[in-house]
Amino acid sequence: MGIHQIQVRYDAAADRLLLQVRTTEAEIYAVWLTRRMTSRLYAPFRQTVASVGVAQASPRALPVPEARAMLEQAALQRPLPGADFRQAFAANDSTRPLGAEPMLPTAVDLRPQPGGGLMLALREDKGRRLDMTLTADLATALLRLVDAALQQSEWNLPLPSQAAAAAATAAVSVEGGEPDTDAAKGRLLN
C-alpha cells in the first residue's frame, strides 16, 4: 500500500494531535497522539528523520561531530519537491480499516531502514496497529506537519536539545519496551 496523503492537526476539544494517513487505495488510518506520547516521541523522531536525511543527502560522508548538527539542520530544511502542503486532506469516499474511532497508541517503535527511510510502528492495547515505512522525504514532511500542529497546540513542549538528540538511539521504542522486530515492513496493518 502506498501513502497518498498525511495530515497532522491539533484537535482542541480532545487536546490531542490527530494523525491521518490516506493510502493510494483510498483507505484512511487515523491515530490520536496524546501530549505525553508526543513529548516522548518527538525528540527521537526528529533525530531519526535528521539522520536519515543526512544519509540520503551525503551517503558516503563521515561528518565530524562539529559539522553533524549543521548537516542535520540542512537535511530537515531541504526542499521537498514531491510534497504539497497546501492540498486539502481528502477524507471522503474512504474506508477505515482500523474502524471509525482513531487508534490511541500505547507504544511506538521507530527505526531507520537499511536502504534509507524509516519504519514507524504504532500499537495500542486493543491489538490495532499501524506500520509505516517512510522515505526520507516523507518522514521530513511528516515532521514538518507535526511541528505545525505542535505550534497550534500550545503545549510548549521543549525542543530537543543537543544532549537529548545525541542520546537518541538507532531504534527507539516509546512506552513499549524493546522494538518489535516482527513488525511488517512497507504496509499498513489493522
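Residues numbered from 1 in each chain as written. Predicted model: local features only at pLDDT ≥ 70, side-chain atom pairs only at ≥ 80, totals over all residues. Heavy atoms only, no water.

1. Some details on the overall build of the protein chain
Moving on, step 1. Helices and strands together make up the secondary structure of the protein chain, namely 4 helices and 7 strands.
Moving on, step 2. Ordering the α and β elements of the protein chain from the N terminus gives β-β-β-α-α-β-β-β-α-α-β.
Moving on, step 3. Split into buried and exposed, the 190 residues of the protein chain put 44% on the buried side.
Moving on, step 4. A sequence separation of at least 24 residues applies to 65% of the contacts in the protein chain between residues at least 6 apart.
Moving on, step 5. In the form shown here, the protein chain has an accessible surface area of approximately 10100 Å², with 53% of it arising from carbon and sulfur atoms. (Helix = DSSP H or I, 4+ residues; strand = E, 2+ residues; numbered from the N terminus. Buried < 20%, exposed > 50% of the residue type's maximum accessible area, 1.4 Å probe, protein only. Contact = heavy atoms within 4.5 Å. Areas by Shrake-Rupley, 256 points an atom, 1.4 Å probe, with all protein chains shown as cover.)

2. Some points on the sheet that holds strand E3 (residues 28-33)
Moving on, step 1. Reading across from one edge, E1-E2-E3 is the order of the 3 strands in this open sheet, with antiparallel pairing throughout. The outermost strands of the open sheet, each flanked by one partner alone, are strand E1 (3-11) and E3. Strand-to-strand twist in this sheet, taken as the mean axis angle between neighbours without regard to direction, amounts to 15 degrees.
Moving on, step 2. With 6 bridges connecting them, strand E2 (residues 16-23) and E3 associate as antiparallel partners. Paired with arginine 22 across the strands is isoleucine 28, a residue of E3.
Moving on, step 3. Where helix H3 (residues 136-153) meets the sheet, it contacts E1 and E2, and its direction lies at approximately 15 degrees from that of E1. (Pairing = 2+ DSSP bridges. Axes fitted to C-alpha atoms, helices over the stretch in contact; angles between N-to-C directions.)

3. A look at empty space enclosed by the protein
Moving on, step 1. One pass over the full model with this rule turns up 1 cavity of 30 Å³ or more.
Moving on, step 2. Computed from the structure, the largest cavity encloses a volume of approximately 130 Å³.
Moving on, step 3. Around the largest cavity, the lining residues are Leu19, Leu33, Thr38, Leu41, Tyr42, Phe45, Leu120, Leu122, Leu142 and Val146.
Moving on, step 4. Residue assignment for the lining of the largest cavity shows that the elements contributing at least two residues are helix H1 (35-57), strand E5 (118-123) and H3.
Moving on, step 5. The element best represented in the lining of the largest cavity is H1, accounting for 4 residues.
Moving on, step 6. For the lining of the largest cavity, the residue count by class is 9 nonpolar, 1 polar and no charged. (1 Å grid on protein atoms, 1.4 Å probe; cavity = no way out; pocket = protein on both sides within 12 Å on 5 of 7 lines; lining within 4 Å. Points joined across faces, edges and corners; volume = space filled by probe spheres on them. Nonpolar A, V, L, I, M, F, W, Y, C, P; charged D, E, K, R; others polar.)

4. Section: the confidence of the model for the protein chain
If pLDDT is low for a region, its predicted coordinates should not be looked at in detail.
Moving on, step 1. Of the residues in the protein chain, 67% have a pLDDT of 70 or more, and the chain-wide mean is 78.
Moving on, step 2. For the protein chain, per-element mean pLDDT is lowest for helix H4 (residues 162-167), which scores 37, and highest for E3, which scores 96.
Moving on, step 3. Considering only residues more than four positions removed or in separate chains, one finds that residues 161-190, a stretch of pLDDT under 50, has 69 contacts. (pLDDT = per-residue confidence, 0-100.)

5. Some words on the pairing of E2
Moving on, step 1. Of all 8 residues in E2, 7 are buried; the element is thus mostly enclosed.
Moving on, step 2. Pairing of E1 with E2 involves 8 bridges; the strand directions are antiparallel. Following the sheet pairing, tyrosine 10 is matched in E2 by leucine 17.
Moving on, step 3. Between E2 and E3, which pair antiparallel in sequence order, lie 4 residues; one of them, alanine 26, sits at a positive phi of approximately 65 degrees.

6. Structural notes on the pattern of salt bridges
A pair can form between side chains of opposite charge whenever their charged atoms are brought close.
Moving on, step 1. In this structure the tally under the stated criterion is 4 salt bridges.
Moving on, step 2. For aspartate 147, the salt bridge goes to arginine 46, with nearest N and O atoms at 3.4 Å. In this pair, aspartate 147 is assigned in helix H3 and arginine 46 in helix H1, connecting sequence segments 101 residues apart.
Moving on, step 3. Here aspartate 147 falls in the partly exposed class, since its relative accessible area comes to 23%.
Moving on, step 4. Looking at arginine 46, the relative accessible area reads 19%, which means it is buried.
Moving on, step 5. The partner of aspartate 109 in a salt bridge is arginine 123, and the shortest N-O contact between them spans 2.4 Å. Here aspartate 109 is found in strand E4 (residues 107-112), whereas its partner arginine 123 is found in strand E5, with 14 residues between them in sequence. (Salt bridge = Lys/Arg side-chain N within 4 Å of Asp/Glu carboxyl O.)

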